[in-house]
Amino acid sequence: MAEDSDLERTEEPSGRRLEEARGKGQIPRSQELVTFAVVMSGLVAFLSTAPDLFHVLSGVMQNELRFDRATLANPKFMGEHFIAACRVALTACLPIFAATAIAAIVTPLLIGGWLFTFEPLMPNFARMNPLTGIGRMFSVRALVEMGKAILKSGLIGGVAAWVIWHEREQFLQLITMPPDSGLLYLWQMIRFTLLTVTGSMLLIVAIDVPYQLWDYTKGLRMTKEEVKQEAKESEGDPQVKGRIRQLQREAARKRMMSEIPKADVVVTNPTHYAVALKYTEQMRAPQVVAKGSFLLAERIIDIAKDSKVSIVRTPPFARALYHHAELGEEIPAALYTAAAEVLAYIYQLKHWHRYGGDEPQLNDALPVPEELDPGAIE
């Protein structure tokens, strides 16, 4: 049962999955929305320019149906006459063409955005499989498309029939009207009918757009196993990442250990903590070149002994350095005084070993603020 649940596509598509689908030309599209926008924009442009368009086309018909003797005698003139008429008619129709072209280009961007790819044009022999084609014929998508076609036909036909039935008395009255007023009234009824029938397509668009978005997302859903695999590919295998972190820690530890022989002193707890300090005249304050606890502290102490680096037992100072000083950085300003006393003691100790005299003694109560000392660990 667990394996079956992992194979079910129940997870929402990830951003990477959506980008891959987009790269293949798979984006949500609503043909009904495009059809409605193109038809409505063309209709509005036609109704807006109808008076001027009617005037221009009427002039074309009147002018181009008149021929003189010279035009009839020369076929070349007839061709030029026809080309000129077509040019004038097409120019008058340009606003309608422009409105429909803009609608056809801009409308798809509303739900899918802009996409330019040649991926859908690449040959795909899987599409030529007859069994796959038969399966698509009886799929849920095919049933939905058939339902939309039936709804569209019934809706548009029903609205058109309702408008005609509603205007039946006005149609009958046209017989008794004078030609000019009758044509004007007929034009008003035609305009109302076209806008009403075309506007009824909004119901189909309101159903199709949410369905296309839902169907697109549903088709890209992922199984739980695919989500896990993608997470591994994008973020890296946890085992590999763990191994990388381990190698990084080992490399950092090796670099740290190589700095211990260069240190001036190693302060200890004595065995729980060990911190190696280095100070030169170019530094503003002593720096921590190595630190560790328990086994790593023992290793630091052993290297310090082998390298003849002074080791000083100062539990409060060692604890404060371990918890509040970062590796490779200067010690906190609150520990400057304690560090100065320790370094002074080391310099005096070296002088005593070289020239003799009174053995120096380190202050047992170094000035370590209580808030920096987490307490002794015994």
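Treat the numbers as computed from the prediction; the structure is a model and nothing was measured. (Residues numbered from 1 in each chain as written. Predicted model: local features only at pLDDT ≥ 70, side-chain atom pairs only at ≥ 80, totals over all residues. Heavy atoms only, no water.)

K.L.:
How would you sum up helix α14 (residues 295-306)? Please name residues and give values.
P.N.:
Between its terminal C-alpha atoms α14 stretches 17 Å, which fits the 16 Å expected from 12 residues at 1.5 Å a residue. When α14 is considered as a whole, its buried residues turn out to be Ala 297, Ile 300, Ile 301, Ile 303 and Ala 304. Looking straight down α14, one finds that the buried residues subtend no more than 165° of arc, so they occupy a single side. Of the exposed residues in α14, the ones pointing more than 90 degrees away from its buried face are Leu 295, Lys 305 and Asp 306. (Helix = DSSP H or I, 4+ residues; strand = E, 2+ residues; numbered from the N terminus. Expected span 1.5 Å × (residues − 1). Buried < 20%, exposed > 50% of the residue type's maximum accessible area, 1.4 Å probe, protein only. Arc of directions from axis to C-beta.)

K.L.:
For the nonpolar core, give the residues involved together with the corresponding values.
P.N.:
One finds Val 265, Val 267, Leu 277, Phe 317, Leu 321 and Leu 335 to be the most contacted residues of the largest nonpolar core, which totals 24 residues. Those elements that place two or more of their residues in this core are β1 (265-268), β2 (273-278), α15 (315-324) and α16 (336-355). In terms of residue count, the dominant contributor to this core is α16 (7 residues). Contact partners of Phe 317, with chain neighbours within four places excluded, come to Val 267, Leu 277, Leu 335, Ala 338, Ala 339, Val 342, Leu 366 and Val 368. (Core = buried A, V, L, I, M, F, W, Y, C linked by side-chain atoms within 4.5 Å. Contact = heavy atoms within 4.5 Å.)

K.L.:
Any chance you could break down helix α11 (residues 201-219) for me, citing the residues and the numbers?
P.N.:
Taking 1.5 Å of rise per residue, the 19 residues of α11 would be expected to cover 27 Å, and the 26 Å separating its terminal C-alpha atoms lies within 8% of that figure. Along α11, the residues classified as buried are Met 201, Ile 204, Val 205, Asp 208, Val 209, Tyr 211, Gln 212, Asp 215 and Tyr 216.

K.L.:
Please provide a residue-by-residue account of the environment of Phe 171, values included.
P.N.:
Relative to the helices and strands, Phe 171 resides in helix α9 (residues 168-173). Sequence-wise, Phe 171 and Gly 182 are 11 residues apart; in three dimensions their C-alpha atoms are separated by 9.6 Å. When neighbours within four sequence positions are excluded, Phe 171 is seen to be in contact with Ile 164, Leu 186 and Met 189.

K.L.:
Explain the pattern of salt bridges to me, and be specific about the residues and the numbers.
P.N.:
Enumeration over the complete set of coordinates arrives at 4 salt bridges. Here Arg 17 ties to Glu 226 by a salt bridge, and the two come within 3.5 Å at their closest N and O atoms. A residue pair is termed long-range when its members are at least 10 positions apart, and Arg 17 in helix α2 (residues 15-23) and Glu 226 in helix α12 (residues 224-235) qualify at 209 residues. In this structure, the salt-bridge partner of Arg 284 is Glu 330, at a minimum N-O distance of 2.9 Å. Of this pair, Arg 284 sits in the loop between β2 and β3 (287-293) while Glu 330 sits in the loop between α15 and α16, and the two are 46 residues apart along the sequence. (Salt bridge = Lys/Arg side-chain N within 4 Å of Asp/Glu carboxyl O.)

K.L.:
Give a description of the packing of aromatic side chains that names residues and reports values.
P.N.:
For the structure on display, the rule yields 2 aromatic pairs. Each ring, one from Tyr 211 and one from Trp 214, has its centre 6.0 Å from the other, and the planes form 40°; the classification is tilted. A residue pair is termed a helical-turn pair when its members lie 3 or 4 positions apart in one helix, as Tyr 211 and Trp 214 do in helix α11 at 3 residues. With a centroid separation of 4.5 Å and 35° between ring planes, the pair formed by Tyr 273 and Tyr 322 is classed as tilted. (Phe/Tyr/Trp six-rings, centres within 6.5 Å; stacked < 30°, edge-to-face > 60°.)

K.L.:
Please provide a residue-by-residue account of unusual backbone geometry, values included.
P.N.:
Even without glycine at this site, Phe 294 takes up a positive phi of about 55°. By the element assignment, Phe 294 lies in the loop between β3 and α14. Not every positive phi belongs to a glycine, and Lys 308 is a case in point at roughly 60°. Structurally, Lys 308 is set in the loop between α14 and β4 (310-313).

K.L.:
Which residues make up the pairing of β1, and what are the values?
P.N.:
Residues Val 265 and Val 267 of β1 are buried on one face, and the alternating residues Val 266 and Thr 268, pointing to the opposite face, are buried as well. Pairing of β1 with β2 involves 4 bridges; the strand directions are antiparallel. By the bridge assignment, Val 266 is partnered in β2 with Ala 276. Where β1 lies against β4, 4 bridges are found, and the strand directions are parallel. The residue of β4 that forms the bridge with Val 266 is Ile 311. (Pairing = 2+ DSSP bridges.)

K.L.:
Any details on the sheet that holds β4? Residues and values, ideally.
P.N.:
Paired through their backbone hydrogen bonds, the strands of a sheet run either parallel or antiparallel. Across the sheet, 4 strands lie side by side as β3-β2-β1-β4; this open sheet has mixed pairing. Where the open sheet ends on each side, the last strands, each with one partner, are β3 and β4. Neighbour-to-neighbour, the strand axes of this sheet turn through a mean angle of 20°, independent of strand direction. In the packing of α14 onto the sheet, contacts are made with β1, β2, β3 and β4, and the angle to β3 comes to roughly 130°. Most of the contacts of α16 go to β1, to which it runs at about 125°, and overall it touches β1 and β4. (Axes fitted to C-alpha atoms, helices over the stretch in contact; angles between N-to-C directions.)

K.L.:
With reference to specific residues and values, describe the side chain of Ser 30.
P.N.:
Mapped onto the elements of the fold, Ser 30 is located in the loop between α2 and α3 (31-64). Here Ser 30 falls in the buried class, since its relative accessible area comes to 3%.

K.L.:
Requested: an account of the environment of Val 368, with residues and values cited.
P.N.:
Note that Val 368 resides in the segment after α16. Along the primary structure Val 368 and Ala 320 are separated by 48 residues, whereas in three dimensions their C-alpha atoms are 7.6 Å apart. In contact with Val 368, other than residues within four places in its own chain, are Pro 316, Phe 317, Ala 320, Leu 335, Ala 338 and Asp 373.

K.L.:
How would you summarise the environment of Asp 373 if you had to cite specific residues and measurements?
P.N.:
Inspection of the secondary structure assignment puts Asp 373 in the segment after α16. For Asp 373 and His 323, which are 50 residues apart along the polypeptide, the C-alpha to C-alpha distance reads 8.2 Å. If sequence neighbours within four positions are ignored, Asp 373 has contacts with Pro 316, Arg 319 and Val 368.

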